[in-house]
Amino acid sequence: MTEKEETMDTSDSQDSAPSAKKNGRTSLLDSGEDFEVLDEEDIDDDPPPLEDAGGGKGKSAEESGKTNADTDADPPGQVEEWLDVLGNDQLKKKVLEAGQGRDSRPQKGQNVKIHLKTYLKDLTLVEEQPEVSFTLGDGDVIQALDLTVQLMEMGEKALIQTDAKYAYGTRGSLEPEVPPDAELSLEVQLLEATDAADLELLPPVEKIALAILKRERGNVHYQRGDYAFAVNSYSIALQITESSSKVDISPEEENELMDVKVKCLNNMAASQLKLDHYDAALKSCVSALAHQPENIKALFRMGKVLALQGEYTEAIQTLRKALKLEPSNKTIHAELSKLVKKHSEQRGVEQAMYKKMLGNPTSSSSSSSQKHRAKSSWGLSWKWLFGATAVAIGGVALSVVIAARN
């Protein structure tokens with residue numbers, strides 16, 4: 001199916017994560033998967049790209065050449081040697097300045113704030129962020145930070161060396177400007193750790209913004225091909241939208257939360273399809289349609305899932321419903337045509353197989369017909385013979401009677 005680009009919706013862009021910056025992006029779903037691309041403006045739940053397609057903010061030669069004295073091989077004030085975090089020598093941590101003790105370490109689920117400097121392997125400064133806030137363990141940042149910050153003490157400054165696998169991977173990043181397969185050095189200082197807000201007491205506006213933030217982080221994971229992480233982020237966003245509230249919420253805010261929920265379900269179905277988790281993807285589609293029965297994205301993905309499960313009749317019916325809602329949608333039309341043809345070919349194969357298993361019904365019918373005709377012919381011959389015999393006997397008897405009278 002021809003790969004397409006589509007304009008991204010920016011209705012909730014003010015709540016997006018730093019990685020979801022605007023201006024001239026290409027669609028996230030440039031992966032070639034036809035089920036993620038629909039030609040319509042009002043369906044906006046496709047994951048946006050991670051970075052600005054224009055290449056991000058340019059950096060001067062002076063800035064790109066900056067290095068940090070604290071990243072020397074043996075910095076002054078060193079407290080301990082390298083800690084191999086995962087035991088594979090691909091993610092290591094070294095304490096540069098000691099913190100307030102092990103009891104001050106943050107816990108998963110807490111909101112943390114760090115000062116972050118990002119360097120390439122050659123110590124070129126990529127980016128410095130005085131305050132980066134995220135929820136520990138939610139996948140809001142690169143994996144290297146999520147795994148190592150929970151090992152830091154309050155106030156601690158540490159140097160982290162990470163393989164591309166736990167940073168920006170084979171795709172790299174436009175903002176920050178990181179090339180593909182780049183190993184990074186991160187200088188991190190833990191500034192703050194606080195408990196997450198009670199969702200039941202969170203004002204609706206903040207709850208909506210938080211759900212959108214988690215959803216857009218899932219979009220980033222999706223774009224990078226980290227589909228399991230994407231599912232995790234969408235699940236967190238769904239939990240936020242489904243949480244009860246002890247604060248008054250307007251009908252408009254309820255509708256907005258529902259819209260975010262359906263988008264999360266649609267994107268989760270797309271991720272689950274990538275993971276070949278068809279039952280889970282079908283469940284996500286069904287949930288989305290329970291809230292919005294005419295959601296074309298959900299109908300289209302549901303049709304794809306059913307087809308992959310071999311349920312061609314139901315898949316065709318679902319895609320026809322989607323096409324009826326959007327008759328001009330070429331993507332749905334093409335998918336439906338392809339599926340109808342495939343279903344027809346399969347039925348032909350099955351019919352041929354059944355004929356082979358049961359024998360040739362035509363020759364069987366012919367044989368039966370011949371037997372019936374032979375039987376009928378024998379029946380007629382027998383009846384004729386019997387009748388002729390009766391007539392002959394009658395004639396003889398009649399002659400005897402006449403002779404007696406004479």
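Above: the structure in question.
Residues numbered from 1 in each chain as written. Predicted model: local features only at pLDDT ≥ 70, side-chain atom pairs only at ≥ 80, totals over all residues. Heavy atoms only, no water.

Novice: Explain the overall build of the protein chain to me, using residue names and the numbers behind them.
Specialist: Regarding its fold elements, the protein chain presents ten helices and six strands. Scored against the burial criterion, the 406 residues of the protein chain give a buried share of 41%. Expressed as a percentage of contacts within the protein chain between residues at least 6 apart in sequence, the contacts between residues at least 24 apart total 69%. A total of about 22,200 Å² of accessible surface is found on the protein chain, and carbon and sulfur atoms cover 52% of it. (Helix = DSSP H or I, 4+ residues; strand = E, 2+ residues; numbered from the N terminus. Buried < 20%, exposed > 50% of the residue type's maximum accessible area, 1.4 Å probe, protein only. Contact = heavy atoms within 4.5 Å. Areas by Shrake-Rupley, 256 points an atom, 1.4 Å probe, with all protein chains shown as cover.)

Novice: Just give me the short version of the packing of aromatic side chains, but keep the residues and values in it.
Specialist: For the coordinates displayed, the defined rule picks out one aromatic pair. Note on Y222 and Y227: the rings are 5.3 Å apart at their centroids and 70° apart in plane angle, and the pair reads as edge-to-face. Just above the ring of W82 sits the side chain of K92; from NZ or CZ to the centre is 5.5 Å. (Phe/Tyr/Trp six-rings, centres within 6.5 Å; stacked < 30°, edge-to-face > 60°. Lys NZ or Arg CZ within 6 Å of the ring centre and 35° of its normal.)

Novice: Describe the nonpolar core, and please don't skip the residues or the numbers.
Specialist: Ranked by size, the top nonpolar core spans 43 residues in total, and within it Y222, M302, I332 and L339 carry the most contacts. Broken down by secondary-structure element, the contributors of at least two residues to this core are α3 (204-223), α4 (227-242), α5 (251-274), α6 (278-291), α7 (296-308), α8 (312-325) and α9 (330-358). The element contributing the most residues to this core is α5, with nine residues. Listed in part, the 27 residues of the second largest apolar core include L120, M152, I160 and Y168. (Core = buried A, V, L, I, M, F, W, Y, C linked by side-chain atoms within 4.5 Å.)

Novice: Can you break down the pattern of salt bridges residue by residue, with the values?
Specialist: Taken as a whole and judged by the stated rule, the model has 14 salt bridges. The shortest N-O distance in the salt bridge between E131 and K113 comes to 3.8 Å. Of this pair, E131 sits in strand β4 (residues 125-135) while K113 sits in strand β3 (residues 111-120), and the two are 18 residues apart along the sequence. Each of K113, E131 and E192 takes part in one network of salt bridges that share partners. (Salt bridge = Lys/Arg side-chain N within 4 Å of Asp/Glu carboxyl O.)

Novice: Tell me what's going on with unusual backbone geometry, and back it up with residues and numbers.
Specialist: Note that the residue after E175, namely P176, is joined by a cis bond; omega there is 5°. Following the sequence through the fold, P176 ends up in the loop between β5 (157-162) and β6 (184-194). If you check the backbone angles, D276 has positive phi at about 65° while not being a glycine. Its place among the elements puts D276 in the loop between α5 and α6.

Novice: Can you tell me about the side chain of K261, naming the residues and giving the values?
Specialist: As for its position among the elements, K261 is in helix α5. Under the relative-accessibility criterion, K261 is labelled buried at 12%.

Novice: Can you lay out α6 for me, pointing to particular residues and giving the numbers?
Specialist: Its 14 residues place the ends of α6 20 Å apart at the C-alpha level, agreeing with the 20 Å of an ideal helix rising 1.5 Å per residue. Regarding α6, the residues found buried are A281, L282, S284, C285, A288 and L289. Within α6, the buried residues cover an arc of 160° as seen down the axis, which keeps them to one side. Exposed and facing more than 90 degrees away from the buried side of α6 are D279, K283 and A290. Looking at the buried positions of α6, the neighbouring elements they touch are α5 and α7. (Expected span 1.5 Å × (residues − 1). Arc of directions from axis to C-beta.)

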